[in-house]
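Tertiary structure, described
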Amino acid sequence: INELLQRTASILTRIIGEDIRCEYDLAPDAGHVRVDAGQSEQVMLNLAVNARDAMPSGGRFVVRTRSVVLDEAFTRLNPEIPQGTYVELSVTDTGIGMTPEVMARVFEPFFTTKEPGRGTGLGLSMAFGIIKQSGGHIALQSRPGEGSTFTILLPQVAGADEGRSQAGPEAGARNGHETILLVEDEVSV
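Read on for an overview of the structure.

Cut-offs used in this document
Residues numbered from 1 in each chain as written. Predicted model: local features only at pLDDT ≥ 70, side-chain atom pairs only at ≥ 80, totals over all residues. Heavy atoms only, no water. Helix = DSSP H or I, 4+ residues; strand = E, 2+ residues; numbered from the N terminus. Buried < 20%, exposed > 50% of the residue type's maximum accessible area, 1.4 Å probe, protein only. Expected span 1.5 Å × (residues − 1). Contact = heavy atoms within 4.5 Å. Polar contact = N/O pair within 3.5 Å; in protein donor to acceptor, adjacent residues only side chain to side chain. Salt bridge = Lys/Arg side-chain N within 4 Å of Asp/Glu carboxyl O. Core = buried A, V, L, I, M, F, W, Y, C linked by side-chain atoms within 4.5 Å.

1. Re the side chain of S90
Residue placement: S90 occurs in strand β4 (residues 84-93). Under the relative-accessibility criterion, S90 is labelled buried at 8%.

Shown next, in the form of structure tokens:
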């Protein structure tokens, strides 16, 4: 995850702008995760754009990683997250923050607090979907006037070379012949 964040640092710095100070605190023991690099970059871009918009007068944008072990006590309070070793990625801004009402809807598709024409309301819902697809979890802490922190937990896996199987495709894998029809009445889609 640290390598991915280092590759996107220059892009994020340009998106954030000159009035916002970007800081990285990447723990060397953060470990490896199994994620799609392109989708992970999209998550970071969405979080950066939202942070920039929340800090119109400047501020700080901080990205941190660390390795965490979630034990039984943690999973009792958060039953949707299994015990294990995770890489925690947190993204913090010193922006305007969010009310509890906004926080309750922030991951909903098409929900936005931006004026018409400035946002589709898809950024955070896409980030949520990408994180879930990777077997991870995302949470938000925020208060009006105190900024926001998005915390992402991704299951830690063996290193890139250690975890690779030499076997071919999964036995019994089949190609499908289905047709998918998607009907959507939302104009912005």
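And the narrative resumes.
2. Quick look at helix α2 (residues 37-54)
Every α-helix carries 3.6 residues per turn, so stepping three or four residues along brings you back to the same face. In this model α2 runs 26 Å from its N-terminal to its C-terminal C-alpha over 18 residues, within 8% of the 26 Å that 1.5 Å per residue would give. All of the buried residues along α2 are S40, V43, M44, N46, L47, A48, A51 and A54. Tucked into the core, α2 has its buried residues touching α1 (2-16), β3 (59-70), β4, α5 (123-133) and β6 (148-157). N-cap assignment for α2: the residue whose side-chain oxygen lies 3.1 Å from the backbone N of G38 is D36.

3. Remarks on the side chain of T75
When you line up the elements, T75 lands in helix α3 (residues 72-77). Looking at T75, its side chain comes within polar contact range of the main-chain oxygen of E72, at 3.1 Å. When near neighbours in sequence (up to four residues on either side) are disregarded, T75 contacts I81, P82 and Q83.

4. Side note on the pattern of salt bridges
Summed over the entire model, instances satisfying the criterion amount to seven salt bridges. Across the salt bridge formed by R60 and E23, the nearest N and O atoms sit 2.8 Å from each other. Of this pair, R60 sits in strand β3 while E23 is found in strand β1 (residues 20-26), placing the two residues 37 residues apart along the sequence. Accessibility expressed as a relative area gives 30% for R60, which makes it partly exposed. Assessed through its relative accessible area of 22%, E23 is described here as partly exposed. D25 is paired through a salt bridge with R64; the nearest N and O atoms lie 3.7 Å apart. Placement of D25 in strand β1 and of R64 in strand β3 is noted, with a sequence separation of 39 residues between them. Under the relative-accessibility criterion, D25 is labelled partly exposed at 44%.

5. As for the nonpolar core
By size, the foremost hydrophobic cluster in this structure holds 30 residues, and its most contacted members are I1, V43, M44, L47, F61, F150 and I152. At the level of secondary structure, the elements contributing two or more residues to this core comprise α1, α2, β3, β4, α5, β5 (137-142) and β6. Here this core takes five residues from α2, the largest share from any one element. Discounting chain neighbours no more than four positions away, the residues touching F61 are L12, I16, I20, R21, C22, E23, L47, A48, A51, M55, V91 and T92.

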